[in-house]
Amino acid sequence: MGNDRYDAIVVGAGPAGSAAAMTMAKNNMSVLLIERGEYAGAKNVFGGSVYRQPIEILIPAFWEEAPLERPVVSDELWLMDNDSAVKIGFTGLKFAKPPYNKFTAIRAKFDRWLADKAVKAGTRLITNTLVKDLLYEKTGIFDRKVSGVILESGDRIYSDIVILAEGVSGNLVEKAGLREKITPDDLTLYVKEILELPSGKVEERFNLEKNEGASIGMVGYPSSGAIGKGAIFTNKDSLSIMVGAYLNQIIDKGLNPHLLLKRLKQHPMVKRLIEGAKTVEFQAHTIPKGGYEQIPQLSAPGVMVTGDAAIMISGRRGTDLAMLTGMFAGEIAAQAKAAQDFSGEMLASYDRKVKNSFFMKDIAAGKGAKKYYELHPDADFLLSKAANDAAYDYFTVDLLSFNIKLEKIMGELKNMQPLPKTASDLYHGYLHWGVF
Ligand SMILES: Cc1cc2nc3c(=O)[nH]c(=O)nc-3n(C[C@H](O)[C@H](O)[C@H](O)COP(=O)(O)OP(=O)(O)OC[C@H]3O[C@@H](n4cnc5c(N)ncnc54)[C@H](O)[C@@H]3O)c2cc1C
């Protein structure tokens with residue numbers, strides 16, 4: 001490997017890295033994609049679902065060949081209390097047919113397939129290889145440019161451009177001085193279990209036809225008073241169930257994520273969905289939830305940052321923003337190569353492209369959410385409790401007139417907390433849950 005040289009090196013073969021590599025390879029660049037896992041996807045975890053639109057740009061009609069689980073037709077959000085749930089949802093059967101909307105997936109299969117597509121487009125992929133640091137070359141008395149990577153083995157590989165797609169850890173982004181060290185306040189921690197269940201049972205329990213999938217987001221009860229979520233996704237013949245919350249709140253409240261998962265599985269409304277299902281695998285992963293304020297400098301001479309490493313998370317959208325930023329970085333790299341200009345000024349067009357994107361507007365709308373939840377860590381819990389108490393009152397058939405009943409419900413809501421605070425919790429919840 002000693003003196004290898006490429007047009008571009010991409011660190012990390014998740015959705016961001018593979019999308020960047022494929023974009024550059026399609027533009028006739030020589031590309032090396034480096035992954036520390038045994039294979040692409042080996043270390044990657046999500047809920048979850050992948051979304052059609054960014055993948056389709058790279059690979060039209062990808063659903064005909066990609067290892068996907070089920071097209072999602074039914075999306076629900078449950079505001080949960082101990083023995084009840086207020087359910088908000090939508091079922092759209094158009095989503096069961098091409099071109100579909102989103103698909104449940106298992107990342108170990110999906111990422112491997114995507115990286116293989118990058119290889120077929122001309123990328124060289126090496127796995128089981130950790131990038132330890134970046135290489136620099138001097139471009140002036142005080143100026144320098146990233147000029148390659150140093151592997152754990154000590155080998156040096158040179159390139160005109162390095163794209164960092166290393167995910168939430170962002171070690172190299174920090175080493176390059178583009179991002180401050182990430183702290184527990186900026187992360188959510190999730191634990192996930194994959195439970196095997198025959199496909200017929202999946203369909204019966206979630207009211208689905210053979211080639212249909214469902215996704216249920218859950219707030220309130222699952223995270224036991226911390227700001228977080230639970231979720232269940234239907235795969236072909238298994239279920240993915242997960243729960244998590246802000247890491248600092250998990251620590252402060254002394255919560256044990258594995259016990260949270262056990263507790264969620266015992267909830268009477270969840271228990272009936274997973275009854276008889278067998279544990280296949282446990283996983284855990286963090287999500288960078290620092291939001292808009294934590295977005296790093298996205299480029300510097302010779303380097304661009306994509307995906308989770310760049311905190312590109314909006315609600316439950318992450319894989320698509322990773323792929324889009326990967327593609328953007330790949331496109332700018334191709335322009336830089338054509339112009340033989342890898343300067344900070346040239347690569348800053350990547351920053352502008354990201355900053356002018358639709359998703360940056362959404363990320364910006366969530367500005368301050370982290371701060372809000374630091375001040376009000378019980379917001380989701382109170383909202384869910386209020387919604388369920390009100391629903392119990394509303395649905396109880398009693399001897400009160402409708403107006404008196406409404407007055408009673410409003411009185412109870414006001415007793416719990418001032419109504420403007422409830423409205424504010426709801427607004428922040430809407431931005432944060434990102435379930436639909
Ligand atoms: C519990 C959970 C549920 C989620 N649910 C959803 C969902 O339903 N939908 C959705 O769109 N998103 C979801 N997300 C977010 C989504 O998973 C991420 O946004 C997405 O994976 C980011 O992609 P990435 O390529 O930037 O990073 P990653 O997927 O993390 O990939 C980074 C890759 O870099 C490799 N790597 C890291 N450091 C090095 C190094 N030094 N050298 C070599 N290789 C390295 C890693 O092994 C990894 O393969 C969820 C996340 C979690 C944790």
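Residues numbered from 1 in each chain as written. Predicted model: local features only at pLDDT ≥ 70, side-chain atom pairs only at ≥ 80, totals over all residues. Heavy atoms only, no water.

**Student:** How do you make sense of the overall build of the protein when you look at a structure like this?
**Tutor:** For the protein, the count of helices and strands is 15 helices and 17 strands. What you see for the protein is a C-alpha radius of gyration of 23 Å, in line with the 22 Å of a compact globule of 436 residues. Along the first, second and third principal axes, the C-alpha set of the protein runs to 80 × 45 × 35 Å. Within the protein, residue pairs in contact and separated by at least 24 positions form 72% of the contacts whose partners lie at least 6 positions apart. Of the side-chain charges in the protein, 53 are positive and 52 negative, and the distance between the mean point of each set is 1 Å. (Helix = DSSP H or I, 4+ residues; strand = E, 2+ residues; numbered from the N terminus. Rg over C-alpha atoms; globule rule 2.2 N^0.38 Å. Contact = heavy atoms within 4.5 Å. Lys, Arg positive; Asp, Glu negative; His and termini not counted. Charge placed at Lys NZ, Arg CZ, Asp CG, Glu CD.)

**Student:** Before we go on, may I ask you to explain the domain arrangement of the protein in this structure?
**Tutor:** Split into domains, the protein comes out as domain 1 (5–69 + 106–179 + 296–365), domain 2 (185–288) and domain 3 (369–433). On a C-alpha basis, the centres of domain 1 and domain 3 stand 42 Å from each other. (Domains from an automatic or database assignment.)

**Student:** Teacher, can you tell me more about the environment of Leu208 here?
**Tutor:** Examined against the element boundaries, Leu208 turns out to sit in the loop between α5 (199–206) and β12 (213–220). Relative accessible area serves as the criterion here: at 10%, Leu208 is assigned to the buried category. Separated by 23 residues in sequence, Leu208 and Asp185 place their C-alpha atoms 39 Å apart. Residues contacting Leu208, with those up to four places away along its chain left out, are Val73, Val202, Glu203, Gly213, Ala214 and Thr234. (Buried < 20%, exposed > 50% of the residue type's maximum accessible area, 1.4 Å probe, protein only.)

**Student:** Please clarify how the packing of helix α13 (residues 379–395) against helix α15 (residues 419–433) should be interpreted in this entry.
**Tutor:** Any two packed helices are characterised by the angle at which their axes cross and by the distance between the axes. At a minimum axis distance of 10 Å, the contact between α13 and α15 shows a crossing angle of 110°. Judged by the angle between their axes, α13 and α15 are roughly perpendicular. In the packing of α13 onto α15, the handedness of the crossing is left-handed. Residues Ala379, Asp380 and Leu383 of α13 touch α15, and the partners they reach there are Thr422, Asp425, Leu426 and Trp433. Taken together, the residues of the contact of α13 with α15 sort by class into four nonpolar, one polar and two charged. (Axes fitted to C-alpha atoms, helices over the stretch in contact; angles between N-to-C directions. Parallel < 35°, antiparallel > 145°, perpendicular 65-115°, else oblique. Left-handed = near helix turned anticlockwise from the far one by under 90°. Nonpolar A, V, L, I, M, F, W, Y, C, P; charged D, E, K, R; others polar.)

**Student:** For this particular structure, what's the right way to read the site of the ligand?
**Tutor:** Around the ligand, a shell composed of 35 residues is seen, among which Glu35, Arg36, Arg107, Asp308 and Thr319 lie nearest. One nitrogen or oxygen atom from the main chain of Gly47 is found 3.0 Å from a nitrogen atom belonging to the ligand. The separation between an oxygen atom of the ligand and a polar side-chain atom of Thr319 is 2.5 Å. Look at the ligand: alone it shows 1000 Å² of surface, and the protein chains cover 97% of it. Listed by contribution, the elements that provide at least two residues to the shell around the ligand are α1 (15–26), β3 (49–51), β15 (278–288) and α9 (319–339). When residues in the shell around the ligand are grouped by element, the largest group, three residues, is from β15. Considered class by class, the residues forming the shell around the ligand number 16 nonpolar, 13 polar and six charged. (Near = heavy atom within 4 Å. Polar contact = N/O pair within 3.5 Å; in protein donor to acceptor, adjacent residues only side chain to side chain. Areas by Shrake-Rupley, 256 points an atom, 1.4 Å probe, with all protein chains shown as cover.)

**Student:** Explanation requested: α13 in the structure shown.
**Tutor:** Residues separated by three or four positions in an α-helix point in the same direction, a consequence of the helix having 3.6 residues per turn. Here α13 is 17 residues long and its end C-alpha atoms lie 24 Å apart, about the 24 Å a rise of 1.5 Å per residue gives. Those residues of α13 that sit buried are Ala379, Asp380, Leu382, Leu383, Ser384, Ala386, Asn388, Ala390, Ala391 and Asp393. (Expected span 1.5 Å × (residues − 1).)

**Student:** Can you walk me through the pairing of β12 in this structure?
**Tutor:** Where burial is concerned, most of β12 is hidden: eight out of the eight residues are buried. Residues Gly213, Ser215, Gly217 and Val219 line one face of β12 and the alternating positions Ala214, Ile216, Met218 and Gly220 line the opposite face, and both faces are buried. Pairing between strand β4 (residues 72–81) and β12: eight bridges, direction parallel. Across the sheet, Val72 pairs through a bridge with Gly213, a residue of β12. Judged from the four bridges that link them, β12 and strand β13 (residues 228–234) form a sheet pairing that is antiparallel. By the bridge assignment, Met218 is partnered in β13 with Gly230. (Pairing = 2+ DSSP bridges.)

**Student:** When you look at the packing of aromatic side chains in this model, what are you seeing that I'm missing?
**Tutor:** Any aromatic ring pair is given by two values, namely how distant the centres are and how the planes are angled relative to each other. Considering all chains together, one arrives at 11 aromatic pairs under this definition. Taking the centre distance of 5.7 Å and the plane angle of 80° together, the rings of Tyr372 and Tyr373 count as edge-to-face. The pair Tyr372 / Tyr373 is uniform in exposure class, with both members buried. Aromatic pair Tyr394 and Phe402: ring centres 6.3 Å apart, planes at 75°, arrangement edge-to-face. Given the relative accessible area of 48%, Phe402 is considered partly exposed. Taken together, the ring pairs in this structure connect Phe62, Trp63, Tyr100 and Phe103 into an aromatic cluster. A cation over a ring is seen here: Arg107 above Phe46, with NZ or CZ 5.2 Å from the ring centre. Lying over the aromatic face of Tyr136, Arg144 brings its terminal NZ or CZ to 3.5 Å of the ring centre. (Phe/Tyr/Trp six-rings, centres within 6.5 Å; stacked < 30°, edge-to-face > 60°. Lys NZ or Arg CZ within 6 Å of the ring centre and 35° of its normal.)

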